[in-house]
Structure formats: structure tokens, C-alpha cells
Amino acid sequence: IIKGIFKGSPPSSTAGANRRLLLYQHCIPLCESGDLQTEVAADIIGLLMLETHTLSGPSLATLGSLFVDAIKVGKMSSGKSLELFPTVLTALAACEALSYGKGELSGEEYKKQLINSLCSSRWDPQCVIHLTTMFRDVPLSSEELQFVVEKVLRMFNKLDLQEIPPLVYQLLLLSAKGCKKQVLDGIVGYFKEQDARQEEEQKHGDSLDLEVQSIPQDQLRHVEGTAILHIVFAIRLDHELAREFLKGFKTSYADLCPFSVALLLSVARIQRYEEQVFELLKGAIIKSFKDEQLQQGSKLLQDLLPGHCSVAQMILDTVQNSVFGWDHVTQGLVQLGFFLMDAFGPKPGPFGKTTEGSLAVARTPTQQACKLGGQVLLQGFKMHEPIRGEILEQVLNRLVTKTASPVSHFLDLFSDIVVSAPMILLESSSKVTETFDHLSYLPLATVQGLLKAVQPLLKVSMSLKDALILVLRKAMFSSQLDGRKSAVTGFLLLLKNFKVLGSLASSQCSQAISSSQIQVDVHSRYNSAANEAFCLEILSSLRRCLSQQADVRLMLYEGFFDVLRRNSQLASSIMQTLLSQLKRYYEPEQDLLPPVKLEPCITAHGDQVYLQEPLAHLLSCTVHCLMWLQNTRQSANPNGDDSDGDEEEEEGYRSDLHAILESMTRRMIKCELEDFELDKSAEFSMGSSVGVKNNIYAVLVMGVYEVLMEYNFIKANYSKRCFEEIIELFSRYHKLSEILKEKSGKGRVPSHKTPRSLFSMGIISTSITVLFRDNTQSREEALSVLRSNGEFVRYILSVVVQKIQQLDETGHTDGPDGQNADKTFRFLCDMTSVLMWRYTNIPSVVEEGGKKEKRSSLSHLCLEGLLRIFTTCQQRYPNKMAQLLSTMDDEGDVVEINYFYIRQFQRALFTQLSGGEEDFNSKEAQLLISILSVLSRQLKPSSQQFVQMITWTVKICKETSFEDSAFCKGLLSLLFNLHVLYKSPVGLLLELCQDIHSVLGDIDQDVEVEKQSNFAIVNMKTASTAALLVLSQVDRVLDEVDWLIARKKSQTASDKLASGAKMQLMLFEKAVTLQLGTLLTALSELVQTALLLGTCTVTLLRELTRTYTILTTLVKYYIQVCASQHGSLPARFEKLVKLSGSHLTPQCYSFITYAQVLAWFSLSSADDKKKKRRNDVNTGAKLLRETKAIPNLIFSIEQYEKYLITLSKKSKVNLMQYMKLSTSRDFRINAATLDAALQEQDDSQTTESQDTTETQEPKQKKRKQ
């Protein structure tokens, strides 16, 4: 029928055309109604499409309006007949002219009108997708396209979640025509909003009593996943789209959100974008961490920009979200994790040395980024089955291949993986066994970390254990020393962790393991007999080590004690081993001196002498094991009733050992140094083999003395006789160490460091407690023996300091319990309270003349100990600081306790300062200040105590006038560090600059500087120190200002300002101009100061250069603002420009002249006599030349003026009126000097030598003018 009608209605006649129109008007609703079968409807539409081009203009217009009206009322829901619409529109656009209302419009215009009215009308949510599909076929101008895209994006929120992915797909296809950025931003924005809403609901879900969530989480995530797939597919096909997408994130990371992070990671799977995406994310992460650090460190920035969006959090959110089947994202996450860990992991130090011990907290942005990588991988490992194998393989590969750089971060990750999922690891145990094969080639630290991490697995998997033992046995015979050390480490670890039945339970033996405990028990039950055989076998392997290098033996001695404590059944074999080893070096003949044979302890190789047996460590290990066994046996059976063969055997070696130790103590006291051939006449230079031998002997003998002191101290039980023996031993030890100090001091290099003390942490902790705080009457007499020996007390304190220093640097100490963090911390707590008591209750005045002697007093040592304890605690146990401090008095609020300590130290410092300058002990005062700065970090900047702390510090700075530059440096640093957290420090800097100017005088000697003294701490002696500190603070303020401007720049570039943002912009502009204004005034004071040539001058010139660079940045920012918004310049900014022109630039030029004259003068007048004195000035002049500081400054001033001219043109405000053109650089002939020189030439008929001395005179004048 339809074909017939078309045939019978020729488009040329009016009637025919009208009949055609009628047909269209009738068929379209018919197709939409859904009454026809689909095929029939499709056929009809096809027919109509073919004939559309024949319709006349007006009838096309009518048809177009018909479509628009139908869509408005929502009749186009099935979208069948919409396929016809594009054809109608295309035909319309081709029309020449149409009558519209009263006038005429071209077809193009009419089409635009139609689209416009269509986009501004309401769309039925059901037909959004059909309409979007339809617009793909319509030829659109860019303006029309923008209309359409905006409309579709607005419709997102009205649609059902399930309909979003197909719509996203259609939109992306549509974006092939243009508006790519808009489409992408719209899609990302929509999902960002949904995520935020979902998060809100989860937070307040309980409080709102929502029966049903508006968006179920899993559904949202699945939709996001599909959308990501669509976008990535589109990006693969359309590189323009990818470019737009990546360009958006390059400028600032503020637009990132979990969805866009996931999208980026999926895009990274396309090879050509991989590198780009990871670089982009790496930059965003590190910048985010740096910004966070900057913000935390400055009150000014916290006030101006309250929130901070953390990229790290977004990435972790993405990991969480990826559970919902985002397989396309997980691969990117793994890559990102490793990329971060590789890029930001710890770097090898100089000479390939690595810094030991991983820190408890990540401090710097790079450490945080590395930690983030680890977290991503760990979470990914827990959640996603498919990537586990790959993560594990990559981690193990890196442990094996990265031998040159530290791998502690990978070890941490591996051990976290083991703890979180041991059973999963067992599935891929073959990978772990493969790694074992490389053990003997790996650095020792890696081996230790690796074995510690695998330890929970060994208990569960027999095959792993067997594989490890085979590898370790091979390693025992490795040609590499490190390989053998690794074997010892491995075997000791195994011994510690396989319990033999009947071993005493020790608090340390339970090693947490989160796999099913039953399995472990099964093993250990039927296995304890096997365990014993296995352990004895290992011990026999280890005995072989006793004939190897000193290093290997040392490891063994250090490990035996821990093994014994975990596995007390092995006692007899361990003790027998130690006893037989000790007997090799012990002189059994009771009357012979000395009681130890030192000859076999060393070995010679060519003309080199080496230590073969660390005798003192052997002795120390024996003593600790013996004493521990004795204690446990006593506590296990106090009555000693059951003594079987085992006990007798034990009695045997125990009495043997006690006898040996007693005899050694007795004979070592009798020994003179001559017996060891170590008297004053012996040679100790490290150049000759005899000297080296004597040095080794001396260290061994001192070690033996120390071990015997510790043995007698434990055994003494406060008997006076034993304590007297200890003092005897100590006096021998002291004599020897003095000789060593004296001898090594004579060499050209003072190479002598006191060897590490062999005292254990526990003993040291106990001994300082009894020395200072034990008031028991019955012990009084015995303790007075120790207390009365001042040298002994000082020695114990110095060992305390040494132990804590080792703990700070490496995270553990030598000796038993050294590796156990909790015990170590308990010792720290005990020491803190004792040292604190000793320092506060015994004034340093009472002590015997510590001033006259060169060494530090006991109070000083106590303080040093306290400072080290506090810093160590902040580094290694950051959240236990309160616990450490509360050991003094247990009750009370954390902040109060901390502040109580602060007040104690403030009082001590005040006492120091209230004395005269000759009584002032600078070193002690500096220590007090360091302690105060460590403790003040625990205070919250908003708290009242913090404000009191600042007020106190300012008061001290204002009232103290001691001429001690080191003390001044410490005090001002403390002041700045506190002040910047409280408010911006520019006002403070200005006052300090005025002080420095008035103390050092003006560069023009004729100018009298008005005397100002805000801070008494600034005086002739300390002024240049203060100036350097002030300049470093200026640098910090400039950093902040620079950061603020950059931040605002990227914001103005990206968004149009809302009213709230306008307010913030005002605040920002005010802050920046105020900061810079005050800084300019402060710097103009410094620039007029007669600073000495040298670092001070160069640093000042550098800071000035930087100031001008930042002023230039600010000017560029205003140029951008003027260009985009035609705003007027704020009056404040004009004032700032005026200030720079009147107060700073002219002074800069005169300072440059001053510095150059000074440099030239110092170089030309370096006579032979004065050479020595002038030397430092010469280096100053040289520094000035080499650093190019002056040309840089001039360049930056000129750049600033150049951009000011541009801004003046743009803003129609003449800013250059404040700038005076400088002539100081063009024209340097000084008339007065010239006259004087000519005069001289007339007068001088004298010798040339006189002439040269006289011509020096006028040159000084030149400076005055």
C-alpha cells in the first residue's frame, strides 16, 4: 500500500506532496505504538527513509516539529521511528530557505532551532539512549554538539544505574565528532559524585535508618567496571581521546578520584600509554605527599587551605573497589605497586653501604610513597586470586636480583604476605624453594630478613624445611664468607624455632602464626623426638664453624643465648661446646699469669695480622648462658630434689665453668699490663703488624675485663667483697683504655674509637639504677664501693649513651635481649627515669671540677643519654612516647606529663642562663635545647602548653645575651620550628633583621644605624650565625608563597570562580602580599648590613634572587588573571610593587657594589704579611666569583621589571613609576677618587713601593660614597 501511495503521489504536485506528508505523519506514530510486528515496522521505516529527500522544505519542517513534540511528551519510548529523524534533519539542512513565523530561515538555522528546542525540553528517561544513538547520524556543528552533550550528561542522574554503561558507550561514539574533554569529564564527574554519595550513605547509614540504599555498592561498582571497559575500548580506537584524557590530569592532581585512578590504571594496559600513565601517577602521588608535608609544617597554609585530598587514599580505595570483578584494573595495580617500590625504595648509601633497620614510621614523601606501593601490593595479594602468583614471583625475584641496593621494603612486604596468608603461600612453595637456592649468594641482611619471614611456613611445611636444610648445608662449605654466615644465621633460626619436648616455656617462644594452629601442633607432637635429633644434627654442623673466621664465630656466640632460651633441652650440648671451646684459650695452671692465652686468638696471613677468635664474646656468651640456666633451674625447682643423671652432668659443667670464671677473675686482678705485653712502651700504631697485634690484644683484654665485671656483678648479690673485685677489674680496664687513647691520639689520625662495650642492656639498666637510686639500707655499704669511684660511674654512663646510640642507628643492640623490641623498650623506660632523677636532683655545681678538665661531666652524660633516648623513641617507637615519659609518675594526662618534663628542662636551662657568662656551660645548654625541641614535637600546636612553650622561648631569646654562636643557633632554630606551627614567622624575621643590622652596622660607614635590640641573643659574636638562620627561614617562607601561587594558578586555569571561591581568593591574595611585603622589608634591612664576605653574603644574594623570581611568578599570575577575567589589580599588590621599587631594588644594587669592592679590595691587598689573616676573606671573594650570585641576582631583577611592563600594559596601571632605573652598574667612575689619584700622581716623585701603598688609601674612600 505504502509503495503504491508513493507511486501515486508525485512530489512535484502540491496534492502529491501533501499526501506524502500525511502518510509520514500517520506512519510514524503507528511504528512507535508497537502494534505492528518489528519486521514490518522496520520495513516501513526503511521505505520512508528512502523517500525523505523528496519532501519539500515546509513538509520537512512540519515533520521535524512533529518529532520534537512527540519526544517532548514522551511518545518516542521504543525508538523505532527515531531512525528516520536524522534523515529528516539532514534533508532539512540541505534546504535553501524556509518560511518561519513571519520571516525566512535557512535550513541550517531551522535545524539548529529544532535541536535547541529539543535539548531544552524534558526527555523521557527511556528514550535518552535512543536519542543519543540518533544524534550520531545527524550532521552537527560544534555548537550544536555541545548542546547535545551537555543535555545527555544532565540526564545521567535521572537514569537507572543499569542504563548508564550503554549510554556511556553511545556518548563515546558521539564524541568522535568532538567535545571529547567534555564527555570524559562528565562521565568521570558523574561517577565521582555517585562514589561520594555512596560513601556518605555508608558513613551515616546507621544514623539515618535507611531501609534501602539509594545505590547498592556492588551494583555501582559493576557499572563503574563496565563503564571503564567502554572508555578504554574507545581510547584504544581514538588516540585524540586518550590525549585529552591524560592532559586533564597533567596540570593538577586535584581532579583525581578513585574512579579516574582505576580508569588510568586500565588505560596503562595499552602499551603506548603505559609509561605516561605511571609517570603521571607517580608525580601525583609524590606531589600529594609533599603538599601534605608542607601543609602540616605551616600554620599559614593550614589556615588558607583547610582540606587536603590524598591521592594515596584514592589509590587504596581503588584497590578496595577492584574486588568487584575489575580484572582490567588489578594488573595495573600490581604494576603501580612495584613501580612505586622500585622508584622510591631505600637507596644504597655511599660505597654501597646500606642504612640499617627499617624505620617504624615513614617520614619523608619518598618513604611514604614506597610504603604506599607495599600497601597496594599487600591488599591486592589478599583480595585477588589471579595476581598472587605474579606478586610473589616479582617480590622474590627482586630479593634475589637486587643485591646492590637495600631490599628491606621488599622483605617487609614478603613477611606481611606470609603472615596474612600462609596457606596461600604454601600452594606456591616451589617459588620459595627456588629462592632458597640463591641463599649463599645473597647479602647477609637479605638472608636474615628472608629466613625470618619464611619461619612460620617452615613449621607447617616439611618439604620447605628439608629444602632449606639442604641449602644451608651446602652454604656451610661455601667459599664466600657471607655464604657461611648465612648458613649460621639459618641454622640458628631453625634451632630457635623447633622446640624439643620438655624445653622450659619461655615468654618468647610463641611465634605468632595465623595459619591453622592444629597443623603445627600435629607436627610438633609426633616430631619432638625427631626435632631433638634434628637439632643435635644442626648443632654438630654448627660446631664446624668454631674453626672458621672470627666473623662466623661471632655470629654463633651471639646466637647461642637466644637458642638456649627457646630450647632449653639443648643446654647440655651447647654448654659442652662452649666449655670445650673456652678451654682452648684458658690457662689451667692456677699459678700462671695471665689466665688466658692470647697467642691462639690471632692468626697471621703474610704480614697481615687478623683476629681469629673473639675471645671476649665467647666468654660473654658462656656467662650469659650459664647465668640464665642457673636462674631458670632455680625458679623451676627451688628445692633441688630431683637430681638424675642429667642434673649431675649439668652440675659437672656448671661447676667447671664457675671455677674457671672465679679463677680468671682472681688472676686477671693480679695481672699487670706487662703480663700481656701491653704496657706504656708497647707500640699501637696501626701501620705495623706489631701495632695491629697489640691493638687486637688490647681490645680482647678489655673485653674480658668487661665480661668478668658483669659476671661478678650478677653473682655478687650486693656483697662488698665482690664489688671491690669489680672496682679492681675496672681499674685495670681503665688503665688499658687510657693507654690506648693516649697512644692512638699521637698518630696523625685520631682513629681510636672505644670498642663496643660487651655489657648487656639489662645489666647497664640495673647498674645505673643501683648506682643512683637504690636506697636499701643493707646494700648501702657495698654500693658505696662503686659509687665512690667516680671513673666507674662515668664509664657506666658512657656505656649507656653508647648502647642507646647503637639502638638509634640500627634498631637493636648487642648482647642478649638486644633484638627483642619490647624488652629493649622496658630498659629504655627504666633508664629514662634514673637519668632524669640523677640530672634533676643533683645539681652540676656539686660535681668535681668537670669544667677544668676537658671531658664532660656526669650531668652532661645524663643529658646526652636522655636526648638519645627521646630521639630513639620518636624514631623507633613513635606511639610509645607517652608510655616512656609516664614511668616517672604513672598517673596523669599524657600532655601534662610531657609538659612536666618540658618544664623540668626549661628550669635547668634557666638556671644555666641565670649564672654569669663564665659559669655558662655551652655544651650542656645545647643538649637541653635539643631535648626541648624533641619533646615539643609531642605537643599539639593548638594546645595551651604549646603557646606557653613559644612564649618562654621568645622570652629566653630576648633576655639572653651570651656570646655563644652554637647556643644561639640551637635556640633560634627551636624558636623558628615552634613559631612556624603557631603562625607565620615573617614578623619575627623582620625584628631579627633589624637587630642584625644594628649590631653589624651599615654598609655605608657614614650612616648611623639606630640602636634596636628586640632580641638580646643577637650580638657581635652571634650576628652572622643568626643571619644565616634567618636566611634559611626566608627560604622556607618563599617556598610556601611559591607553592600558594602555583596552587592558585592551576585553579584559575581550571575553573570559573564561584562566590565562595572569590572570598578565598581575596584571603589568598592578602596572605601572599602580606608575607612578601614583610619579607621585602626584612631583606632590605639585611641588604644594608655590613655583612662579612663569605657564605653569609652569597646566601643573602641567593635569597634575594629567589625573592625576585617569586615576585615575577606573582606578576605572571596577575597577567593571567587580567587576561582571563579583566579584573583590576588589588591595591595591596600595587603597594607591594612600590615597596620593592623603593626599598629593595636600589639597596640591592648598592649591596652588589659593596660586595664587589670588598672582594676586589681583599684580593688586591693580600700582602705576604697579611696573607694568613686574609685567607678566609679570600675564600669569601672566591666563593662570590664561583657561585655567580651577582649576575643571577641582576638577571632576576631585570626579569621582574620586564614582566611588570607587560602587566602594566595589560592592566592599564602604570606600575613602572615605582621603579627607578639603576645607574650603579653602568657608570662607575667616582669623581672624588679620581681627583685624589691625579693629585697623587703630581706629588709623587717618591719610590714606586710607597706609591703603591698610598694608592690603596683612596680606594677605601670609594666605599664610603
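Residues numbered from 1 in each chain as written. Predicted model: local features only at pLDDT ≥ 70, side-chain atom pairs only at ≥ 80, totals over all residues. Heavy atoms only, no water.

Caption draft 1: Fine view of the overall build of the protein chain. The secondary structure content of the protein chain amounts to 51 helices and 4 strands. Sorting the 1265 residues of the protein chain into buried and exposed places 50% on the buried side. Expressed as a percentage of contacts within the protein chain between residues at least 6 apart in sequence, the contacts between residues at least 24 apart total 76%. Roughly 59000 Å² of accessible area belongs to the protein chain as shown, and the carbon and sulfur atoms make up 53% of that amount. (Helix = DSSP H or I, 4+ residues; strand = E, 2+ residues; numbered from the N terminus. Buried < 20%, exposed > 50% of the residue type's maximum accessible area, 1.4 Å probe, protein only. Contact = heavy atoms within 4.5 Å. Areas by Shrake-Rupley, 256 points an atom, 1.4 Å probe, with all protein chains shown as cover.)

Caption draft 2: Focus on a nonpolar patch on the surface. Residues Y169, L173, F233 and L237 make up a contiguous nonpolar surface patch of roughly 380 Å² in combined accessible area. Elements that contribute at least two residues to the nonpolar patch include exactly α9 (164-174) and α11 (217-237). Relative to the helices and strands, F233 resides in helix α11. According to the relative accessible area criterion, F233 is partly exposed, its value standing at 45%. (Patch = residues over 30% accessible without salt bridge, like charges linked within 9 Å, V, L, I, M, F, W, Y side chains within 5 Å. Salt bridge = Lys/Arg side-chain N within 4 Å of Asp/Glu carboxyl O.)

Caption draft 3: Region of interest: the environment of G389. Here G389 lies in helix α19 (residues 385-401). Residue class for G389 comes out partly exposed when judged on its relative accessible area of 25%. Sequence separation between G389 and S428 is 39 residues; the distance between their C-alpha atoms is 7.3 Å.

Caption draft 4: The arrangement of unusual backbone geometry in detail. With an omega of -15°, the peptide bond between L593 and P594 qualifies as cis. Mapped onto the fold, P594 is located in the loop between α28 (571-584) and β3 (602-605). Phi at Y718 is positive, roughly 60°, even though this residue is not glycine. Mapped onto the fold, Y718 is located in the loop between α31 (689-716) and α32 (720-746). Exposure remark for Y718: the relative accessible area of 23% places this residue in the partly exposed category.

Caption draft 5: Representation of the side chain of N712 within the structure. Tracing the chain through its elements places N712 in helix α31. A polar atom in the side chain of N712 sits 3.4 Å from the side chain of T665. (Polar contact = N/O pair within 3.5 Å; in protein donor to acceptor, adjacent residues only side chain to side chain.)

Caption draft 6: Representation of helix α49 (residues 1189-1211) within the structure. With 23 residues, α49 extends 33 Å between its outermost C-alpha atoms, agreeing within 8% with the 33 Å of an ideal straight helix rising 1.5 Å per residue. A1189, I1190, L1193, I1194, S1196, I1197, Y1200, E1201, L1204, L1207, S1208 and S1211 are the residues of α49 that are buried. Backbone geometry just after α49 places K1212 at a positive phi near 60°. (Expected span 1.5 Å × (residues − 1).)

Caption draft 7: Structural view of the pairing of strand β4 (residues 608-611). Two elements, β3 and β4, share 4 bridges in a ladder whose sense is antiparallel. For T603, the partnering residue across the bridge sits in β4 and is Y610. Between β3 and β4, which pair antiparallel one after the other, the connecting turn spans 2 residues, and G606 there sits at a positive phi close to 65°. (Pairing = 2+ DSSP bridges.)

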